[in-house]
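Summary of the model geometry
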Amino acid sequence: PRLMKGEQHEEQGLGPDPAAPPQPKEEEEALIEFHRSYRDLFQFFCSNTTIHGAIRLVCSQHNRMKTAFWAVLWLCAFGMMYWQFGQLFGEYFSYPVSLNINLNSDKLVFPAVTICTLNPYRYTQIKEELEELDRITEQTLYDLYKYNSSSTLGTHPRGRRDLREPWPHPLRRLWAPAPPPGARGVRSAASSVRDNNPQVNRKDWKVGFQLCNRNKSDCFYQTYSSGVDAVREWYRFHYINILSRLRDTSPSSEEDMLDNFIFACRFNQASCNQANYSHFHHPIYGNCYTFNGKNNSNLWMSSMPGIKNGLSLTLRTEQNDFIPLLSTVTGARVMVHGQDEPAFMDDGGFNLRPGVETSISMRKEALDRLGGDYGDCTKNGSEVPVENLYLTKYTQQVCIHSCFQDSMIKECGCAYIFYPLPKNAEFCDYRKHNSWGYCYYKLQDAFSSDRLGCFTKCRKPCRTGSSRCYPDRTIILSTTKEMGSPNSTSSSRS
């Protein structure tokens, strides 16, 4: 019979009760219970972990030797794992780099080449003062060494009474205590250049000149064990003061003529012209000419090696109005540099001897440094706290020279003549700045020991390019003399 809906529901309700949820077993209860001791927890961990060798610590608990062996092996394995983790993390956070060197033989821009005459110019405006300095130097050499240098300096011997008023900071002989007997026999293999110069009674005295501050409260002697070094430095110091009184350091147009110094110039078998070089004057190295510089409209390109495919120059070295105490060599000073870099003749130049032919091979090297976390470099020097006085591309050498000039102006109140002159500043002259020599030598000592912080401030550029020069060979050429002055011809190829 058909049941009603309510009756069906009532009949189902009279059936057995639904089954209760299953109770957890003893093993399942253990997963959520707290263990009574660390030993029970350790046994549970070793019995259920997938780490190799851990279960051996529980299974071999009745044998202490096995337990100790597996415990040591297990700890060593864990130690090695964490040591490897430390090595990997340390290497990752050290930001390692890989170095790739590629050698290319593509067509490159020929570098700029600066050549100087090594003959400082005697300006007409200060000719009398230079002659007076030569006479004082001659008398000083005679007083110290009894040496008559009138034939060398080109001056006439004069007595003390014939000289003008005495110049400041005279050169004097200073007695020095004798070294200990044991120290006389000890001589360093890396002795300085000063020790190789001839000396007179070196064991008993030194030569130097006195420098004082403004109020004369503090003085010191700039001394040298070699009399040659002392006379040269003293002459250079006075020459700087005389040269600083010139408003225009450019020589006359006659001295500026390229034909007086360079007989022939060829690049890739083509003759050079005036548009290929620019001229400037260096106080120590004389007239300097830069070939293929930034002012050249069409830069030279180089694609083939060899002597015939480079720059070939025939130079004429002279000693007209030679200043022997300022420049002790004859020939030419050469430096290879980039078009947008100044020519630091003191730092990167080398000399060519007269009467020889010199071949120089060059190789260009480009270096890219990674900044940020990989190293401390600068892209264009904008974040370096030193003003670029050269108005050229940033280089570390440009920054170091600018930093020293800035310190010179702040500490001494005047600018060093061998570096660019900033605005609202003037070059040092003891007629206006009577204590600048005292300040300069103190500052030079602080600069050499990096107490000025210039080497710390001036970071290396992230991208640099340099040209390395390698002299190949020299061939002796003939030497000629004309018009009573020594003239020699020197040929240089690069």
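Residues numbered from 1 in each chain as written. Predicted model: local features only at pLDDT ≥ 70, side-chain atom pairs only at ≥ 80, totals over all residues. Heavy atoms only, no water.

1. Re the nonpolar core
- Grouped together as the largest cluster of nonpolar side chains are 62 residues, with contacts concentrated most on Leu171, Phe404, Met408, Tyr416 and Trp436.
- Listing elements by their share of this core, those giving two or more residues are helix H6 (127–145), strand S4 (205–212), strand S5 (219–224), helix H9 (227–243), helix H11 (396–412) and helix H12 (436–448).
- The biggest single contributor to this core is H9, with 9 residues.
- If you count residues domain by domain, this core takes at least three from each of domain 2 (124–244) and domain 3 (370–461).
- Discounting residues that sit within four places of it in the chain, Trp436 has contacts with Phe237, Ile240, Asn241, Met408, Cys414, Cys428, Asp429 and Tyr430.
- If you look at the next biggest cluster of nonpolar residues, it comprises 19 residues, including Val113, Tyr289, Trp300 and Leu315. (Core = buried A, V, L, I, M, F, W, Y, C linked by side-chain atoms within 4.5 Å. Buried < 20%, exposed > 50% of the residue type's maximum accessible area, 1.4 Å probe, protein only. Helix = DSSP H or I, 4+ residues; strand = E, 2+ residues; numbered from the N terminus. Domains from an automatic or database assignment. Contact = heavy atoms within 4.5 Å.)

2. Some thoughts on the packing of H6 against H9
- Following both chains from N to C, one finds H6 and H9 inclined at 160 degrees, their axes separated by 11 Å at the closest point. Overall, the two elements H6 and H9 adopt an arrangement that is roughly antiparallel. As for the relative orientation of H6 and H9, their crossing is right-handed in sense. Between H6, through Glu129, Leu130, Leu133, Asp134, Ile136, Thr137, Leu141 and Tyr145, and H9, the contact on the second element is made entirely by Gly227, Val228, Val231, Trp234, Tyr235, His238, Tyr239 and Ile242.
- Considered class by class, the residues forming the contact of H6 with H9 number 11 nonpolar, 3 polar and 2 charged. (Axes fitted to C-alpha atoms, helices over the stretch in contact; angles between N-to-C directions. Parallel < 35°, antiparallel > 145°, perpendicular 65-115°, else oblique. Left-handed = near helix turned anticlockwise from the far one by under 90°. Nonpolar A, V, L, I, M, F, W, Y, C, P; charged D, E, K, R; others polar.)

3. Section: the pattern of salt bridges
- All told, the structure shown has 13 salt bridges when counted by the stated rule.
- Among the ionic pairs, Arg245 bridges to Asp429, the shortest N-O distance being 3.1 Å. Of the two residues, Arg245 is situated in the loop between H9 and strand S6 (262–267) and Asp429 in the loop between H11 and H12; the sequence distance between them amounts to 184 residues.
- Notably, a salt bridge pairs Lys410 with Asp406, separated by 3.2 Å at the nearest N-O pair. A residue pair is termed a helical-turn pair when its members lie 3 or 4 positions apart in one helix, as Lys410 and Asp406 do in helix H11 at 4 residues.
- Taking the relative accessible area as the measure of exposure, Lys410 reaches 64% and is therefore exposed.
- Salt bridges linked by common partners bring Glu129, Arg245, Asp429 and Arg431 together as one network. (Salt bridge = Lys/Arg side-chain N within 4 Å of Asp/Glu carboxyl O.)

4. Structural notes on the environment of Asn309
- Here Asn309 shows up in the loop between strand S10 (301–302) and strand S11 (311–317).
- In this structure, the C-alpha to C-alpha distance between Asn309 and Asn268, residues 41 residues apart in sequence, is 4.4 Å.
- Sequence-distant contacts of Asn309, defined by excluding residues within four places in its chain, comprise Phe267, Asn268 and Met304.

5. Describing H11
- For H11, with 17 residues, the first-to-last C-alpha span of 24 Å sits near the 24 Å given by 1.5 Å per residue.
- Turning to H11, its buried residues number three or more, namely Val398, Cys399, Ile400, His401, Ser402, Cys403, Phe404, Gln405, Ser407, Met408 and Cys412.
- For H11, the elements touching its buried residues are helix H10 (345–348), H12 and helix H13 (454–457). (Expected span 1.5 Å × (residues − 1).)

6. Considering the packing of aromatic side chains
- Taken as a whole, this structure holds 26 aromatic pairs when the rule is applied.
- Aromatic side chains Phe267 and Trp300 sit 4.4 Å apart centroid to centroid with 10 degrees between the ring planes, which places their arrangement in the stacked category. With Phe267 in strand S6 and Trp300 in the loop between strand S9 (286–291) and S10, the pair connects residues that are 33 residues apart, well separated along the chain. For the residue pair Phe267 and Trp300, the accessibility class agrees, reading buried in each case.
- Among the aromatic residues, ring-to-ring pairing joins Phe209, Phe237, Phe404, Tyr416, Phe418, Tyr419, Tyr430, Trp436, Tyr440, Tyr441, Phe447 and Phe455 into one connected group.
- A cation over a ring is seen here: Lys442 above Phe220, with NZ or CZ 4.9 Å from the ring centre. (Phe/Tyr/Trp six-rings, centres within 6.5 Å; stacked < 30°, edge-to-face > 60°. Lys NZ or Arg CZ within 6 Å of the ring centre and 35° of its normal.)

7. Some thoughts on unusual backbone geometry
- Although it is not a glycine, Asn292 adopts a positive phi angle of roughly 60 degrees.
- You can see Asn292 is positioned in the loop between S9 and S10.
- A positive phi angle, near 60 degrees, is found at Asn424, a position not held by glycine.
- Looking at the secondary structure, you find Asn424 in the loop between H11 and H12.
- Overall, Asn424 belongs to the exposed group, its relative accessible area being 86%.

8. Structural notes on the state of the cysteines
- With the rule as written, the count across this model stands at 8 disulfides.
- The disulfide partner of Cys399 is Cys458, and the gap between their sulfur atoms is 2.1 Å. Taking the torsion about the S-S bond as the criterion, the Cys399 to Cys458 disulfide, at about -75 degrees, is left-handed. Of this pair, Cys399 sits in helix H11 while Cys458 sits in the loop between H13 and strand S16 (460–461), and the two are 59 residues apart along the sequence. (Disulfide = S-S within 2.5 Å.)

9. Comments concerning H6
- Here H6 spans 27 Å end to end across 19 residues, near enough to the 27 Å set by a 1.5 Å rise per residue.
- Positioned one or two residues after H6, Lys146 has a phi angle of 55 degrees, which is positive.

10. Some words on the packing of H11 against H12
- Relative to each other, H11 and H12 sit at 140 degrees, their axes nearing to 10 Å. Between H11 and H12, the interaxial angle falls into the category oblique. Like other packed secondary-structure pairs, H11 and H12 cross with a definite hand, here right-handed. Here Ile400, Phe404, Ser407, Met408, Glu411 and Cys412 of H11 lie close against H12, whose contacting residues are Trp436, Cys439, Tyr440, Leu443, Gln444 and Phe447.

11. What to know about the UniProt feature "transmembrane region" (unreviewed entry) in the protein
- UniProt feature "transmembrane region" (unreviewed entry): in the numbering of this structure it lies at residues 67–85.
- End-to-end, the C-alpha atoms of residues 67–85 are 27 Å apart, and along that stretch the chain is 100% helix and 0% strand. (UniProt positions renumbered as here; feature names shortened; annotations may be inferred.)

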